[in-house]
Amino acid sequence: MTSWDTIDGRLPRTAKLRWGENLSLVLTNHEEFGADYQAWVKELDGWVGGVDVHAENTQRTLSHGLFPAPSLRTGRVLNLEGYLFFGSERDRSIAERFISGVLGDGEFGTLTYRTETMPELTAMVKLDGAIKPTYYDLDTLEFQIPLIAADPFLYGTEQRFVTYPAGSNTGLRYPLFGTTMGGTEGVISFGKPNPNVRAVIQNQGNATAYPKFRAVGNFPSGFKITDAHRRVIEYPVPVFTNSPVEIDTADGSIIQNGYDQSGRASRREWFSIEPGATNSYTIDSFQPGDGHLETIHRDTYL
């Protein structure tokens, strides 16, 4: 599809706002002219830019200038604008009540925006003011939905990688000449190692990405995760199938059985992936087990 196929002459783009129990509002600029219902996206202000910075700078008393302090990003301020066209005034009156209730529970929803030149990106948003409807004709509704994202970053589609400790699925099983899982008797097998021992991940965004990990299965004496820069997260605590471990390197949490167990980690060298950079991760078990590691990554943008 080209810009000539869209209602505003711009490249194709789609905005989708989801909240509550399967409620959603989808707007595009490539609707079918003449259809009984059309939902057009006019603009999404703040998706590019929209993020301020805050710093506790101190004015110098004996000279010009400031004592600079590190700057932190604030939330992302957004304004979603669109048009709805209907076949009758009755349909429009139903829709205007629906628009009035967008994110009406005061909780966060998911805003996804995609253009032809950029991947689909997502932000968690909530209302930041009153929804403003405008009427042009009896069958037309224009609206503005002010939003704010507490997290200023935008995230790409989730990518999940599964890896195993080196040597996983190998070793002698006793009794030596017992029946194998394939039903063969009288055979000694040392097993076949799993080739997926390293997750290699590239961050294609323009902001630092922080991966998440999930250790699943049996690690009887715990495990350690190592990245390509020899940073280590070491967790010498038993892990079993019914008690997986979830690690978030963005906030430094290690959750097991619903509780933060980060204090039980013997090494906490949190990982990150700089914009455009690549990192890799391996897991080692301190004692033979049948566990594996799930690495979860999302390209991160500002």
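Residues numbered from 1 in each chain as written. Predicted model: local features only at pLDDT ≥ 70, side-chain atom pairs only at ≥ 80, totals over all residues. Heavy atoms only, no water.

## Some words on the overall build of the chain
Formally: Secondary structure elements follow DSSP: runs of H or I of four or more residues count as helices, runs of E of two or more count as strands, with numbering from the N terminus. Remark: exposure states derive from per-residue accessible area (1.4 Å probe, protein chains only) relative to the maximum for the residue type, with buried under 20%, exposed over 50%, and partly exposed in between. Note on contacts: a residue pair is in contact if any heavy atoms of the two residues lie within 4.5 Å. Under the convention used here, a 1.4 Å probe and the Shrake-Rupley method define accessible areas, while residue burial counts only the protein chains that appear.
From N to C terminus, the chain includes one helix and 24 strands. Looking at the chain residue by residue over its 302 residues, the buried ones come to 36%. If you take every contact in the chain between residues at least 6 apart in sequence, the share linking residues at least 24 apart comes to 64%. About 17,200 Å² of surface is accessible on the chain, with carbon and sulfur atoms providing 51% of the total.

## Points about the nonpolar core
Where we set the bar: The set of buried Ala, Val, Leu, Ile, Met, Phe, Trp, Tyr and Cys residues whose side-chain atoms join them within 4.5 Å is what this entry labels a nonpolar core.
Core analysis: the largest hydrophobic core is formed by 30 residues, its most contacted members being Trp-47, Leu-84 and Val-125. At five residues, the largest contribution of residues to this core is made by strand E11 (residues 140-149). Every residue in contact with Leu-84, bar those within four places of it in the chain, is listed here: Leu-27, Tyr-37, Gln-38, Ala-39, Ala-95, Ile-99, Asp-139, Thr-140, Leu-141 and Phe-143. The next biggest cluster of nonpolar side chains, apart from the first, holds 19 residues, and it includes Ile-201, Ile-225, Ile-233 and Val-245.

## Focus on the sheet that holds strand E21 (residues 267-268)
Rules: Paired strands, as defined in this entry, are two strands with at least two bridges between them according to DSSP.
Taken in spatial order, the five strands of this open sheet run E14-E22-E16-E17-E21, and their pairing is antiparallel. Taken across any chain shown, the strands that pair with only one partner, and hence form the sheet edges, are strand E14 (199-202) and E21. As defined by bridge partners, strand E16 (residues 223-227) adjoins strand E22 (residues 278-285) across five bridges and the pair is classed as antiparallel. The residue of E22 that forms the bridge with Lys-224 is Asp-284.

## Some details on the sheet that holds strand E19 (residues 253-256)
Spatially, six strands are ordered E13-E23-E15-E18-E19-E20 in an open sheet, and the strand pairing comes out antiparallel. Taken across any chain shown, the strands that pair with only one partner, and hence form the sheet edges, are strand E13 (159-163) and strand E20 (259-260). Summarising the sheet, E13 and strand E23 (residues 292-297) pair through five bridges and their orientation is antiparallel. In the sheet register, Val-162 faces E23, and the bridge partner there is Glu-294.

## Remarks on the pairing of E11
Of all 10 residues in E11, eight are buried; the element is thus mostly enclosed. Relative to E11, strand E9 (residues 118-127) runs antiparallel, the two being bridged by two bridges. Paired with Lys-126 across the bridge in E11 is Ile-148. Connecting the antiparallel pair strand E10 (residues 132-135) and E11 is a turn made up of four residues.

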